[in-house]
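# Overview (structure and organization)
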Amino acid sequence: MTTPDPYSRDVIALAASIAHLKRLDAPHATVRKVSRLCGSEVTLDMNVADGRVSAIGWDVSACALGQASASILGQLIIGADRALLAEGADTLNALLKGIPVPDNSPFIALRALEPASAYPARHGSIRLAFDAALAAFDQISSGSQ
């Protein structure tokens with residue numbers, strides 16, 4: 001049995017269409033996350049208003065899988081509260097353990113990353129955007145910038 005190729009056309013298309021690739025001039029928080037295993041990194045600027053993400057800008061230097069993950073999050077992050085960001089991170093972590101994304105999930109697009117569950121060396125890169133988003137949100141919520 002062959003392992004599915006994690007670099008599908010869908011993944012490549014997502015990687016090529018990351019939204020919000022311009023850094024913010026005056027962010028409420030900036031977080032940099034690096035995958036120690038592969039060196040991929042995400043630097044995320046975030047603003048929050050009324051408990052919801054109002055703006056982001058980021059620099060994503062990652063493999064196509066990490067870029068695809070950032071692209072998926074970038075499509076949903078504006079207007080998200082912390083609970084939605086945590087749901088996305090939990091959904092992604094479950095997916096990487098082989099648990100399918102539920103049909104009713106707002107993160108259904110993560111299904112494009114299913115074949116990557118067989119490549120643990122890429123999991124850190126795939127998690128970067130979600131980890132950065134949660135860390136930035138928490139930094140703003142705690143008032144420590």
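Residues numbered from 1 in each chain as written. Predicted model: local features only at pLDDT ≥ 70, side-chain atom pairs only at ≥ 80, totals over all residues. Heavy atoms only, no water.

Here we come to the overall build of the protein. Of the regular secondary structure elements, the protein holds four helices and three strands. Listing every helix and strand of the protein by position from the N terminus yields α-β-β-β-α-α-α. The C-alpha radius of gyration computed for the protein amounts to 14 Å, which stays within 12% of the reference 15 Å derived for 145 residues, consistent with globular compactness. By its C-alpha atoms, the protein is 50 × 30 × 25 Å across when sized along the principal axes. Between the averaged position of the 12 positive side-chain charges in the protein and that of its 14 negative side-chain charges there is a distance of 5 Å. (Helix = DSSP H or I, 4+ residues; strand = E, 2+ residues; numbered from the N terminus. Rg over C-alpha atoms; globule rule 2.2 N^0.38 Å. Lys, Arg positive; Asp, Glu negative; His and termini not counted. Charge placed at Lys NZ, Arg CZ, Asp CG, Glu CD.)

The topology assignment puts Ser125 in helix α4 (residues 123-142). Take Ser125: its relative accessible area is 1%, and that puts it in the buried class. (Buried < 20%, exposed > 50% of the residue type's maximum accessible area, 1.4 Å probe, protein only.)

This brings us to the environment of Asp131. In this structure, Asp131 sits in helix α4. Separated by 99 residues in the primary sequence, Asp131 and Arg32 place their C-alpha atoms 9.6 Å from one another.

In terms of nonpolar packing, the biggest core is built from 46 residues, with Leu44, Met46, Trp58, Leu85, Leu110 and Leu113 touching the most fellow members. Of all the elements in the fold, those that place two or more residues in this core are α1 (9-15), β1 (29-34), β2 (41-49), β3 (52-61), α2 (64-76), α3 (82-96) and α4. (Core = buried A, V, L, I, M, F, W, Y, C linked by side-chain atoms within 4.5 Å.)

Here we take up the packing of aromatic side chains. Here the distance between the centres and the angle between the planes together describe a pair of aromatic rings. In total, this model carries one aromatic pair according to the counting rule given. Considering the side-chain rings of Phe107 and Phe130, the 6.0 Å spacing of their centres and the 65° angle between planes classify their relative orientation as edge-to-face. Highlighted residues: Phe107 in the loop between α3 and α4 and Phe130 in helix α4, separated in sequence by 23 residues. Assessed through its relative accessible area of 2%, Phe130 is described here as buried. (Phe/Tyr/Trp six-rings, centres within 6.5 Å; stacked < 30°, edge-to-face > 60°.)

An ideal rise of 1.5 Å per residue puts 28 Å on 20 residues; α4 measures up with 28 Å between its terminal C-alpha atoms. The largest bend along α4 measures about 35° and falls at Ala129. Positioned one or two residues after α4, Gly143 has a phi angle of 80°, which is positive. (Expected span 1.5 Å × (residues − 1). Bend = angle between axes of the 7 residues up to and from the residue.)

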